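Structural characterization, general
Residues per chain are reported as follows:
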Amino acid sequence: MNLVSIRIITSSTESLVEFYEQITEISAIRYTPDFAELKTQNTTLAIGSTKTLQFFGGESVAQPAENRTAIIEFLVNDVDKEFERLKDFLSSKIVQEPTVMPWGNKSLLFRDPDGNLVNFFTPATKESIEKFTAGNE
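Residues numbered from 1 in each chain as written. Predicted model: local features only at pLDDT ≥ 70, side-chain atom pairs only at ≥ 80, totals over all residues. Heavy atoms only, no water.

We now examine the sheet that holds strand S3 (residues 35-39). Sheet architecture is open: four strands sit in the order S1-S4-S3-S2, paired in mixed fashion. In the strand order of this sheet, the two ends are held by strand S1 (5-10) and strand S2 (29-32), each with one partner. Between one strand and the next, the sheet's axes are offset by a mean angle of 20 degrees, whatever the strand orientation. Relative to strand S4 (residues 44-49), S3 is paired through five bridges, and the arrangement is antiparallel. For Ala36, the partnering residue across the bridge sits in S4 and is Ile47. (Pairing = 2+ DSSP bridges. Helix = DSSP H or I, 4+ residues; strand = E, 2+ residues; numbered from the N terminus. Axes fitted to C-alpha atoms, helices over the stretch in contact; angles between N-to-C directions.)

Have a look at this one:
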């Protein structure tokens, strides 16, 4: 089994796509005005409008801007550099400036326009670095 994508349902498709393009520096593939994807090396972040819910059984299936349980995480080369690049853009959305977590990652936590938590992180300890480089040499 392979996790291939995470989809965010939103009532503001274009603004959310533009936000993720800005923070990731990845151009989205816009298949329709109601559906876009940002493809990374290992997975895809899909963004769908509430209109797409009709294909899954109706609008009661998912509610936009209601997530309070998941964190969308991006492994970045240098979280401090990303923070410097984005701090003005994210100023009102930052939850936590770059901080080393007990499990060894240095994390920058912020919210997207729909309130979803986003984490940019860089392995900071020997153990964390080994975890993310094992098998990638």
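Turning next to the pattern of salt bridges. With the rule as written, the count across this model stands at eight salt bridges. One salt bridge in this structure joins Lys39 and Glu37, with 3.2 Å as the shortest N-O distance. For Lys39, a relative accessible area of 44% corresponds to the partly exposed category. Salt-bridge contacts for Lys106 lead to Asp80; the nearest nitrogen and oxygen are separated by 2.8 Å. Pair noted here: Lys106 is in strand S7 (residues 105-111) and Asp80 is in helix H2 (residues 79-90), with a separation of 26 residues, a long-range link. By relative accessible area, Asp80 is classed as partly exposed at 36%. Where salt bridges share partners, they join Glu14, Glu21 and Arg30 into one cluster. (Salt bridge = Lys/Arg side-chain N within 4 Å of Asp/Glu carboxyl O. Buried < 20%, exposed > 50% of the residue type's maximum accessible area, 1.4 Å probe, protein only.)

Turning to a nonpolar patch on the surface, a few remarks are in order. On the surface, Phe55, Phe56 and Val61 cluster together into a nonpolar patch covering about 350 Å² of accessible area. The topology assignment puts Val61 in the loop between S4 and strand S5 (71-75). (Patch = residues over 30% accessible without salt bridge, like charges linked within 9 Å, V, L, I, M, F, W, Y side chains within 5 Å. Areas by Shrake-Rupley, 256 points an atom, 1.4 Å probe, with all protein chains shown as cover.)

We now examine the sheet that holds S7. Remark on secondary structure: sheet strands pair via backbone hydrogen bonds, oriented parallel or antiparallel. Taken in spatial order, the four strands make up an open sheet running S5-S8-S7-S6, and their pairing is mixed. A strand with exactly one partner marks an edge of an open sheet, and here the two such strands are S5 and strand S6 (94-100). Mean inter-strand twist for the sheet, computed between neighbouring axes without regard to direction, equals 15 degrees. Relative to strand S8 (residues 117-123), S5 is paired through five bridges, and the arrangement is parallel. Each bridged residue has a counterpart across the sheet, and for Glu73 the counterpart in S8 is Asn119. The sheet contacts of H2 involve S6, S7 and S8, and relative to S6 the element is tilted by about 165 degrees. (Contact = heavy atoms within 4.5 Å.)

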